[in-house]
Amino acid sequence: MPETTKRIISLTINGTRHEDAISDNLLLVDYLREDKRLTGTKQGCDGGECGACTVLVDGQSRISCITLAASCHGCDIHTIEGQAQNGRLSAVQRAFHEHLGTQCGFCTPGMIMAAEGLLRRSANPDDDEIRAALGGNLCRCTGYVKIIKSVRAAAEALQ
Amino acid sequence: MSETLPGFRLTQPESVDQAVAAMRAEPDSRFLAGGTDLIVNMRRGLAEPKNLIDLNGIAELRSITQDVDGLHIGAAQTLREIGEDEDIRHRYCAVAQACDVIAGPGHRNVATVGGNLCLDTRCLYYNQSHWWRKSNNFCLKYKGDICHVAPVGKRCRAPFCGDLAPVLMVHGAEIELAGPDGRRRIALADLYEEDGADHLRLAPQEFIVSVHVPPVDAASVRSGYAKVRVRGAIDFPLAGTAVLCNKHDNGSMVFVVALTGTNSRPFLLGGVDPVAPGQNLDEAFDQLEKLVQKQVSPQRTTTTAAHYRRLAVAALTRRLARELAADLADG
Ligand SMILES: Cc1cc2nc3c(=O)[nH]c(=O)nc-3n(C[C@H](O)[C@H](O)[C@H](O)COP(=O)(O)OP(=O)(O)OC[C@H]3O[C@@H](n4cnc5c(N)ncnc54)[C@H](O)[C@@H]3O)c2cc1C
Ligand code: FES
Ligand code: FES
């Protein structure tokens, strides 16, 4: 195996500063799940196709399974673990819970982070905008209708 | 911890010269932009570069500007930024339309125009895991010696499936390249070769610095992009068509068409006659549809039938040309 160099990255995850020595070839999803033990972010495919691993990097949705951790030096990262505050679900989490936007739950962390990214830049999205923002996230259970409804409900709750 | 990617070193140059020097120092390196194609391929064992040269930190590659010579886009500009640019949406409509339908939003936040133009070709027998390909004795494109799509042929038939190349081609784009021998500028159409295993005519160690698109007169030009795909999101084009319609002062009309997803290179449709003032437009649309059917060459590289892709992309071209011509007539 070719030589891999190590480097120090410093970044913020859910508001907390981290500094770590990582290999250049480490993927963001593996850094979060295995180094940081933040296993809420899921890995659902063999690379880039399902959106289960979606997190926010500097406010934008990113596919962490094809993102190098090294490229996130200096970035502000948000994962599903950072959404509930002081034991209270975020508006998006609550809406998914109340409107049955989640069934088996595997796609849910990615869906919620993609929805969170949308609502941060567009407070009152219409259904087309919601569909477009979640266009990279697959769900095998819900049929999507209740997911769209949940995001709409979250937007209304935040108004 | 298990490693998902093979080992490599990441080099992060801050200028074009530093990137050229990094490539000269380690010629087996690969350039990395958004990584939404390369990292996926590396995960599947389709590339094992020892060194990746990250182009994202080079300021010259990250800009969109307009002047009298037209539109200039840095190669590391993201699809999201390009697609959201108001002026591009207005004047270079096809470019914005293509950006909007590439992959998913999480990809577009980092995927770049340079990476899209240099996208690897794709095939049912290639974009698979290592064990899948190994059990099939690999293929002509990588590690094997037979093309499972056209076993008697000696050429890889994997199609180029990038959505931006055809739209930039109908707008007459040129690209600026940098490499060990300095810089040069070529027509985008000349970047490509009809060979699925070696489809880019880049000199060794060369990379795209920027894309240049001539100015557009919004009063007389319309352009659009349409693609056939299995789902309405995420999917690569089974076939895609870009059409530009230009109405001249004397009332004549010229259609420029470029296609993707059907051949190992994106290409400009040949033999399109200009439409004389007063000529029946339906005849022109018939001609476009027939020319597309004749010049595309889809193979059994997807689970969708090649014949369907041929007919669908020809029909889409016709529909798009009709819509653009009607839009121009309405002013
Ligand atoms: C699920 C999924 C769906 C997708 N759907 C589509 C789709 O519908 N349409 C589509 O067109 N693409 C699609 N893609 C592919 C990809 O996301 C885009 O083509 C993207 O624009 C590639 O750009 P990038 O910056 O991520 O390229 P990278 O992955 O960084 O690079 C791609 C290739 O280009 C080379 N390269 C990068 N920049 C340069 C440069 N400046 N000069 C020379 N070489 C360079 C790299 O070395 C590499 O070989 C999809 C990908 C995934 C994972
Ligand atoms: S796990 Fe990242 S897209 Fe499927
Ligand atoms: S809830 Fe099961 S995959 Fe979406």
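Further up the page is the structure itself.
Residue and element names in this part refer to chain B. On inspection of all chains with the given rule, the structure shows 25 salt bridges over all chains. E174 is paired through a salt bridge with R185; the nearest N and O atoms lie 2.9 Å apart. In this pair, E174 is assigned in strand β6 (residues 174-179) and R185 in strand β7 (residues 182-187), connecting sequence segments eleven residues apart. A residue is classified by how much of its surface remains accessible, and R185, at 45% relative accessible area, is partly exposed. Between R318 and D286 there is a salt bridge; the shortest N-O distance is 2.8 Å. Of the two residues, R318 sits in helix α11 (residues 306-330) while D286 sits in helix α10 (residues 281-295), which places them 32 residues apart along the sequence.

Attention now moves to the environment of I8 of chain A. Residue and element names in this part refer to chain A. By the secondary structure assignment, I8 is in strand β1 (residues 6-13). Overall, the relative accessible area of 54% leaves I8 in the exposed class. As a C-alpha pair, I8 and E19 span eleven residues in sequence and 6.7 Å in three-dimensional space. Excluding residues that lie within four positions of it along the chain, I8 makes contacts with E19, D20, A21 and H73.

Looking now at the packing of α10 of chain B against α11 of chain B. All names here are of chain B. Two numbers describe how α10 lies on α11: the axes approach to 8 Å, and their chain directions differ by 150 degrees. Comparing the axis directions of α10 and α11 gives the class roughly antiparallel. As for how α10 packs across α11, the hand of that crossing is right-handed. For the pair α10 and α11, the contacting residues are L281, D282, F285, D286, L288, E289, V292, Q293 and K294 in the first and R310, L311, V313, A314, A315, T317, R318, A321, R322 and A325 in the second. Tallied by class, residues from the contact of α10 with α11 come to ten nonpolar, two polar and seven charged.

Before going further, it helps to spend a moment on the sheet that holds strand β9 (residues 221-228) of chain B. Residues and elements named next belong to chain B. Sheet architecture is open: four strands sit in the order β9-β10-β11-β12, paired in antiparallel fashion. Of all strands in the sheet, those bounded by a partner on one side alone are β9 and β12 (267-268). The pairing of β9 with strand β10 (residues 239-247) spans eight bridges and is classified as antiparallel. Within the sheet, the bridge partner assigned to V221 lies in β10 and is N246. Lying over the sheet, α10 contacts β11 (253-260) and β12, oriented at roughly 25 degrees with respect to β11.

Rules used throughout
- Residues numbered from 1 in each chain as written.
- Chains lettered and ligands numbered in written order.
- Predicted model: local features only at pLDDT ≥ 70, side-chain atom pairs only at ≥ 80, totals over all residues.
- Heavy atoms only, no water.
- Salt bridge = Lys/Arg side-chain N within 4 Å of Asp/Glu carboxyl O.
- Helix = DSSP H or I, 4+ residues; strand = E, 2+ residues; numbered from the N terminus.
- Buried < 20%, exposed > 50% of the residue type's maximum accessible area, 1.4 Å probe, protein only.
- Contact = heavy atoms within 4.5 Å.
- Axes fitted to C-alpha atoms, helices over the stretch in contact; angles between N-to-C directions.
- Parallel < 35°, antiparallel > 145°, perpendicular 65-115°, else oblique.
- Left-handed = near helix turned anticlockwise from the far one by under 90°.
- Nonpolar A, V, L, I, M, F, W, Y, C, P; charged D, E, K, R; others polar.
- Pairing = 2+ DSSP bridges.

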